[in-house]
Amino acid sequence: MSAARREAEIRKHQQKCLNFNGIMNDRCRAGIDYDEQAGGPPALKKLPCLLRMQDPDRAVACPSAHYPTREEAEAWREESSRHIREWAEEVGRGVCPNCKKDGRWRQVGRCVYCEGCGHRIYQGTLPDSKKPPRHEPPPLPFNSRFYDVPGESGMP
Ligand SMILES: [Zn+2]
């Protein structure tokens with residue numbers, strides 16, 4: 001991960017209020033009613049929850065707006081990086097990141113699912129280690145008739 005991308009993610013995180021929980025909810029974590037605060041929908045262009053979404057000409061102030069400090073945003077970034085590394089490491093070992101079991105996985109369309117817990121693990125193809133064993137035909141029974149060697153039949 002490049003330093004520029006890390007910096008961009010930290011700055012983006014600092015532009016999101018810590019109380020924001022998505023406008024599918026009526027109220028944010030601080031109890032602010034999104035529509036009421038904005039004076040009606042569409043709220044996001046007026047509210048300062050996501051500064052990058054806000055239209056400065058229609059902005060309204062929020063008494064509960066709280067943005068992560070630089071230190072909080074860096075800590076969030078390190079935590080999410082660690083989480084992604086752990087997730088990738090578990091998938092690499094064939095362990096489901098959801099149920100933590102090394103069980104069977106299944107390809108469903110473009111995604112890979114854990115058969116144990118039913119969760120989608122990732123979008124992509126099933127690794128070779130998780131593919132069901134190929135059914136090879138059983139070996140043919142040994143037929144000594146084909147392998148008789150003169151002089152070795154036990155007869156003098
Ligand atoms: Zn699972």
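Residues numbered from 1 in each chain as written. Predicted model: local features only at pLDDT ≥ 70, side-chain atom pairs only at ≥ 80, totals over all residues.

Draft legend 1. Representation of the overall build of the protein chain. A tally of regular secondary structure across the protein chain gives 3 helices and 3 strands. Ordered by position from N to C terminus, the α and β elements of the protein chain give α-α-α-β-β-β. The 156 residues of the protein chain split such that 11% are buried. Here the contacts in the protein chain between residues at least 6 apart in sequence split such that 31% fall between residues at least 24 apart. (Helix = DSSP H or I, 4+ residues; strand = E, 2+ residues; numbered from the N terminus. Buried ≥ 20, exposed ≤ 12 C-beta atoms within 10 Å, placed from the backbone. Contact = placed C-beta atoms within 7 Å.)

Draft legend 2. View of the nonpolar core. Counting 9 residues, the largest nonpolar core consists of C17, F20, C28, I32, Y34, A38, L47, C49 and C62. Once residues within four sequence positions are removed from consideration, A38 is found in contact with A43, K46, L47 and V60. In this structure, C96, W105, C114 and I121 belong to the second largest nonpolar core, which totals 5 residues. (Core = buried A, V, L, I, M, F, W, Y, C linked by C-beta atoms within 7 Å.)

Draft legend 3. The sheet that holds strand β3 (residues 120-123), seen in detail. An order of β1-β2-β3 is seen for the 3 strands of this open sheet, with the pairing classed as antiparallel. Every interior strand has two partners, whereas the edge strands, β1 (105-108) and β3, have only one. Averaged over all adjacent pairs, the angle separating strand axes in this sheet is 25 degrees, with direction ignored. In the sheet, strand β2 (residues 111-114) pairs with β3 via 3 bridges, with the strands oriented antiparallel. Of the residues in β3, the one forming a bridge with C111 is Q123. (Pairing = 2+ DSSP bridges. Axes fitted to C-alpha atoms, helices over the stretch in contact; angles between N-to-C directions.)

Draft legend 4. Molecular detail of the pairing of β1. With 4 bridges joining them, β1 and β2 adopt antiparallel strand pairing. Opposite Q107, over in β2, you have V112 as the bridge partner. Adjacent in sequence and paired antiparallel, β1 and β2 are bridged by 2 residues, among which G109 carries a positive phi angle near 60 degrees.

Draft legend 5. Quick look at helix α3 (residues 70-92). Taking 1.5 Å of rise per residue, 23 residues should cover 33 Å, and α3 covers 33 Å from first to last C-alpha, within 8% of that figure. Of all 23 residues that make up α3, 0 are buried, and the element is exposed over most of its length. The positive-phi residue at the C-terminal boundary of α3 is G94, with phi of around 80 degrees. (Expected span 1.5 Å × (residues − 1).)

Draft legend 6. Broad picture of helix α1 (residues 3-14). With 12 residues, α1 should reach 16 Å at 1.5 Å per residue; the first-to-last C-alpha distance of 17 Å fits that figure. Among the 12 residues in α1, 0 count as buried, and that is only a small part of the element.

Draft legend 7. Just the pairing of β2, in detail. Burial along β2 is one-sided: V112 and C114 are buried, while C111 and Y113, pointing the other way, are not. Once β2 ends, the chain turns through 5 residues before running back antiparallel as β3, passing G118 with a positive phi of about 85 degrees.

Draft legend 8. Seen up close, the packing of α1 against α3. One way to put it is that α1 packs onto α3 with a least axis distance of 9 Å and a crossing angle of 120 degrees. One element, α1, and the other, α3, form an angle in the oblique class. By crossing handedness, the relation of α1 to α3 is classed as right-handed. For the pair α1 and α3, contact is made by R6, E9, I10, H13 and Q14 and by A73, E74, W76 and R77, respectively. (Parallel < 35°, antiparallel > 145°, perpendicular 65-115°, else oblique. Left-handed = near helix turned anticlockwise from the far one by under 90°.)

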